[in-house]
Structures are given as C-alpha cells and as structure tokens.
Amino acid sequence: MVTVLDTAQTRAAATELPAKPSLAGLDRVRLGAALGAIGVPDKQLRMRVNQLWSWIYVRGVTSFDDMTDVSKDLRAKLADAYTLDRLEIVSEQVSIDGTRKWLLRLPKRGHEAKAPEIECVYIPEEDRGTLCISSQVGCTLTCTFCHTGTQRLVRNLEAEEIVGQIVLARDRIGDWPGAEPPGDGRLLPTTERKITNVVLMGMGEPLYNFDNVRTAMEVAADGEGLSLSRRRITLSTSGVVPEIARWGEEAGTMLAISLHAVRDELRDVLVPINKRYPIAELLEACRNYPGLSNARRITFEYVMLKGVNDSAEDAKALVRLLKGIPAKINLIPFNPWPGSAYECSDWEAIEAFADVVNRAGYASPVRTPRGRDILAACGQLRSESEKLRAKDRSAVAPSGAGEA
Ligand code: SAH
Ligand code: SF4
C-alpha cells in the first residue's frame, strides 16, 4: 500500500465554507444562476452554460483562463467570483491491486463541530473502471454488519459534492482528454484509466438523499458532459421501498438491492429498515422497477456472514425468492471491521452457496475483494480515518482527557 498524498497536518484547520464557490460539480440550473449573478444577460445564458459545461465536464479544466472561447472580460469576472476548485483531498491511497481510495473533506457548515469527511474508491478492472461514491456523511440506518451504520448521519451531500467525487477521481487518474499523469507519476495502464461505471455504494443511503443524488446523476449522465450511460450507473439501496419506483422513473439508472437475508426475522436484524419494508414488499417494488428486463437486471447484494446467512438452505431459498425477477446475484465476502460482531463465511461455505446460485443460472456471483490493504472495501470506509483521528487525539491529549 502506498499513501501518495497526505495532508493530515492541515487536519486541525477545519475547512470553512470557501469565500468563492466552485463551479465544478454544479448542474445546469445552478451554473446558469451563477452566471446570471455576475451579469451574464438572460439571452446569452444557454450558450454560456453550454460553453462552460463542456470545459468543466468534457475537458476537466481547472482554470477559467483555459476557456479559450470565452471572452477575456467574462473570464476575469468568473475568476473574481468563482473557482473551479475540487473537493479537498485529505489523503489518497493506492492499493497493490490498483484500487485507489480518497478521503475527502467537505466544507464545514456553521453548526458543524468539524469539517465532515467522506470516502470515494476507484476500482480498475480489465474491462471497466468503477468509481464507488458516497451520498451521505454517515448513515441514519443501522445495518449491523456495516461500519458506516455505526456512524451517525452528519448530513446529506449536496449534488455538487456527489458530482465532485467523479470530477476529482478523473483528475487523479488522468481521465480527461490529453491529461498528464497524476502528480505521483503512477499512471495506470490506459485500459485501466477510464471511469466507465459509477456505483452509489459508498457511505450513506442514496434514496434518503433523493433529490441531490438525482440531480448529481443527471450531471453524470449528461451526454454533452461526463457522459456516463445510465446503464453504467448503479444505485444501491438497503430497501427504501416507497422511493424505488420514483427513482426508476426519474433517474432510470440500474438498481442494486442490499438483500443479505431471505427471512424477515433475520433481515430485521441485519438490515433494520426491513421492519418497515419487509422482503415481500421490497421484491414487489423490484418486480415493478421501471425498465426492468433481461438486459437490465437488478443486482441483489448478499453479504456472506459465517453461520448467519450462509447455509445451502439459505442459497436455495434465495433462488426461490428471486424467481421471475430479472436478477444478478452478488455475493460479497463480509469485510470485518474493528468491533464488528460477525465473521466472514469460510471459503467452502461461499463456494457451496455460489454453486447453488450458479446451478440456478446466475453467473460468477462472488465479488472479489479489492483494495483490502487500504481498507477500501465495502463497509470499511472511513475506519482508517477514524484510527488516524484517534492517533491525532492521543497526540494532542496524551492523557485522553478533555476529548468529547
Ligand atoms: N446504503 C446503501 C449503499 C451503501 S452500502 C445500501 O445499503 O445498499 C454498499 C453495499 O456494501 C451494501 O450492499 C452493503 O450492505 C454492503 N456492506 C456494508 N458493509 C459491509 C461489510 N462490512 N462487508 C461487506 N459488505 C458490506
Ligand atoms: Fe447505511 Fe447501507 Fe450501511 Fe445499511 S449498509 S448502514 S443502509 S450504508
């Protein structure tokens, strides 16, 4: 594991809201409003938004001076009022398998004791590059196997902070046309450089931040900008049933469901939102997901917990349960975190479970753990930063006293 960037020394200086807002990450409406605010006439707005849109989301420029088809006068006005700054990187780590993880610091708001932090992970594979992004700081839900579930919700991310993760990752892996290798010189092979897929599987429950996530995915899917196909964007939900159909209608991305159990009794414990929206209701919402077809299947995620949900009987019940739903099954080896009450299933149990699922016609369902050396895997996000913080604490208060 290599830490290529660490700005931990600036950690103490809590980031305040910047005096000049950044335009990188804004949707078309907000970008138009920002231009209007510095005097761009209404009749020019559409054209100007299109110009800036292309510079920001196709070229990835970081300076208004690079916008050569924008008049010098307007560029100066833009620079006076705004920036193209990226989210602040606290640290960037590169795994031996090429996975990259960024810890990002968001601007502190008035009521917040300290600047919130989120994580974002890039996973290069042979045929794709997947960026896993966060939608909330922490999570209000309390899935018992998930580390994020132990962190209270600090706040929803703004749409521009969600888009900002994609923009920043493109910078760091050199994924803009004509981009130089990133500062650390560790240019990935060209086949691995592109972000082809985005998954909302980082911190938070995206359907509890519906509007901002939808706006952000509109920016991500915009054909004149970041141009990610909606078929390559996947929203993962723990099962917020009333929002599932609306998401399909309004955002039209692929869907993943964190199922993890085949009986309500067990799912009530693992994924407590099940007490409000039990399995039958959840699967009914899946059957009715707009656009569902054999070419657009729903992914069912199933975390493998030793002795809890990993028997051959569970596998058979899973197959029965999903009958008739165009589905993919993703078996996720449990990633333990300090203090977690579960263990990952034995490899034999995972294989036996996968066999049953395979025989029912679902292809290679086990997700290979990636980036384990940098704690980049599902459910581990932020555990490292918390350890760092504990270290920071002991540095300032060796007795451990006086810390809230
Ligand atoms: N809140 C959303 C999306 C974020 S979690 C959801 O729950 O779907 C992304 C995926 O990682 C979910 O399937 C979640 O259940 C899984 N996950 C969480 N903690 C994990 C852990 N410790 N090991 C393996 N998978 C985990
Ligand atoms: Fe929240 Fe998803 Fe973790 Fe559950 S699994 S606590 S919904 S982030």
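The residue count restarts for each chain, going from 1 along the sequence in the order it is written. Each chain is given a letter, starting from A, and each ligand a number, starting from 1, according to the order in which they appear as written. Owing to the predicted nature of the model, reporting of local features is limited to residues with pLDDT of at least 70; listing and counting of side-chain atom pairs is limited to 80 or more, with chain, interface and lining totals taken over all residues. As a rule here, side-chain values come from all non-hydrogen atoms in the structure, and water together with hydrogens is ignored.

Caption draft 1: Representation of the overall build of the protein. Within the protein, the secondary structure is distributed over twelve helices and twelve strands. Partly exposed describes any residue whose relative accessible area lies between the buried limit of under 20% and the exposed limit of over 50%, with all areas from a 1.4 Å probe on protein chains only and scaled to the type maximum. Within the protein, the proportion of its 404 residues that are buried is 54%. The contact definition used throughout considers only heavy atoms, calling two residues in contact when any of these lie within 4.5 Å. Of the contacts made within the protein by residues no fewer than 6 positions apart, 67% connect residues no fewer than 24 positions apart. Only the protein chains shown count as cover for residues, and the accessible areas themselves come from Shrake-Rupley with a 1.4 Å probe. In the structure as shown, the protein presents an accessible area of about 17,900 Å², 52% of it carried by carbon and sulfur atoms. Secondary structure elements are taken from DSSP: a helix is a run of H or I of four residues or more, a strand is a run of E of two residues or more, and numbering for both begins at the N terminus.

Caption draft 2: Here's a closer look at the site of ligand 1. Surveying the vicinity of ligand 1 reveals 21 residues, the closest of which are Gly204, Ser236, Ser258, His260 and Asn335. Any N or O atom pair separated by 3.5 Å or less is treated as a polar contact, with the protein-specific requirement of one donor-capable and one acceptor-capable atom, and with residues adjacent in sequence counted only for side-chain atom pairs. In this structure, Phe145 approaches ligand 1 through a main-chain N or O atom, which is 3.1 Å from a nitrogen atom. In the model, an oxygen atom of ligand 1 is placed 2.7 Å from a nitrogen or oxygen of the Ser236 side chain. Notes on ligand 1: free accessible area 530 Å², of which the protein chains cover 95%. Among the elements of the structure, strand 9 (233-237), strand 11 (298-304) and strand 12 (327-333) are those that each provide at least two residues to the shell around ligand 1. Think of it as three bins: nonpolar holds Ala, Val, Leu, Ile, Met, Phe, Trp, Tyr, Cys and Pro, charged holds Asp, Glu, Lys and Arg, and polar takes everything else, Gly as well. Grouping the constituent residues of the shell around ligand 1 by class yields ten nonpolar, nine polar and two charged. The nearness test applies per residue and asks whether one of its heavy atoms lies within 4 Å of the molecule or strand.

Caption draft 3: Geometry of the site of ligand 2. Taken together, Cys139, Leu141, Cys143, Cys146, Gly149, Gly204 and Ser238 are the residues near ligand 2. Per-class residue counts for the shell around ligand 2 are four nonpolar, three polar and no charged.

Caption draft 4: Structural detail: the nonpolar core. Counting 110 residues, the largest nonpolar core has Leu23, Trp102, Leu131, Phe145, Met217 and Phe300 as the members making the most contacts within it. By convention here, the domain bounds are inherited from an automatic or database domain assignment. Residue assignment places this core across two domains, with domain 1 (23-81) and domain 2 (88-395) each supplying three or more. One finds Val121, Cys132, Val199 and Ala256 within the second-largest nonpolar core, a separate group that totals six residues. We call a set of buried Ala, Val, Leu, Ile, Met, Phe, Trp, Tyr and Cys residues a nonpolar core when their side-chain atoms join them within 4.5 Å.

Caption draft 5: Main features of the pattern of salt bridges. Salt-bridge detection follows one rule: a side-chain nitrogen of Lys or Arg within 4 Å of a carboxyl oxygen of Asp or Glu. Under the criterion given, the structure shown has 23 salt bridges. As a salt-bridge pair, Arg155 and Glu161 come within 2.9 Å of each other at their nearest N and O atoms. Accessibility assignment for this pair places Arg155 and Glu161 in one class, buried. Here Lys316 makes a salt bridge to Glu313, at a shortest N to O gap of 3.6 Å. Here Glu313 and Lys316 lie together in helix 10 (residues 312-321), a separation of three residues that amounts to about one turn. Lys316 sits in the partly exposed class, given a relative accessible area of 39%. It is possible to trace a salt-bridge network through shared partners that takes in Asp211, Arg214, Glu243, Arg246 and Glu250.

Caption draft 6: Here's a closer look at helix 11 (residues 347-359). Here, expected helix span is obtained from the residue count minus one, scaled by 1.5 Å. End to end, helix 11 covers 18 Å across 13 residues, agreeing with the expected 18 Å (1.5 Å per residue, within 8%). Looking only at helix 11, the buried set comprises Ile350, Phe353, Ala354, Val356 and Val357. Taken around the axis of helix 11, the buried residues stretch over an arc of 155°, which confines them to a single face. Exposed and oriented more than 90 degrees from the buried face of helix 11 are Glu348 and Arg359. Each direction from the helix axis to a C-beta atom contributes to the arc, which is the arc of those directions.

Caption draft 7: Expanded view of the confidence of the model for the protein. One confidence number per residue, pLDDT, is output by the predictor and ranges from 0 to 100. For the protein, per-residue confidence averages 87 on the pLDDT scale, and 84% of positions sit at 70 or higher. Here residues 8-14 scores under 50 on pLDDT; set against residues more than four positions off or in separate chains, the count is nine contacts. For residues 383-404, every residue scores under 50 in pLDDT, and the model assigns this stretch 16 contacts once sequence neighbours within four places are set aside.

Caption draft 8: Seen up close, the pairing of strand 12. Most of strand 12 is tucked away, with six of its seven residues classed as buried. Pairing between two strands requires that DSSP report at least two bridges joining them. Pairing of strand 11 with strand 12 involves seven bridges; the strand directions are parallel. Across the sheet, Tyr302 pairs through a bridge with Leu331, a residue of strand 12. Seen with its strands pointing away from the viewer, a crossover is right-handed if its path from the first strand over the helix to the second goes clockwise. With respect to chirality, the unit in which strand 11 leads through helix 10 into the neighbouring parallel strand 12 is right-handed.

Caption draft 9: Quick peek at unusual backbone geometry. Of note in the backbone geometry, Ser227 takes a positive phi value of approximately 60° without being a glycine. Among the secondary structure elements, Ser227 is positioned in the loop between helix 6 (210-221) and strand 9. At His260, a residue that is not glycine, the phi angle is positive and equals roughly 65°. Topologically, His260 is positioned in the loop between strand 10 (254-258) and helix 8 (264-270).

Caption draft 10: Layout of the packing of aromatic side chains. Aromatic pairing here means that ring centres of Phe, Tyr or Trp (its six-membered ring) are within 6.5 Å. Orientation follows from the plane angle: under 30 degrees is stacked, over 60 is edge-to-face, and everything else is tilted. All told, the structure shown has four aromatic pairs when counted by the stated rule. Here the aromatic rings of Trp53 and Tyr57 are separated by 4.6 Å at their centres, their planes lie at 65°, and the arrangement is edge-to-face. Placement of the pair is Trp53 and Tyr57 together in helix 2 (residues 42-59), with a separation of four residues, close to one helical turn. Centroid distance Phe210 to Trp247: 5.4 Å. Interplanar angle 80°. Geometry classified as edge-to-face. Remark: Trp247 occurs in helix 7 (residues 241-250) and Phe210 occurs in helix 6; sequence separation between them is 37 residues. Phe210 sits in the buried class, given a relative accessible area of 5%.

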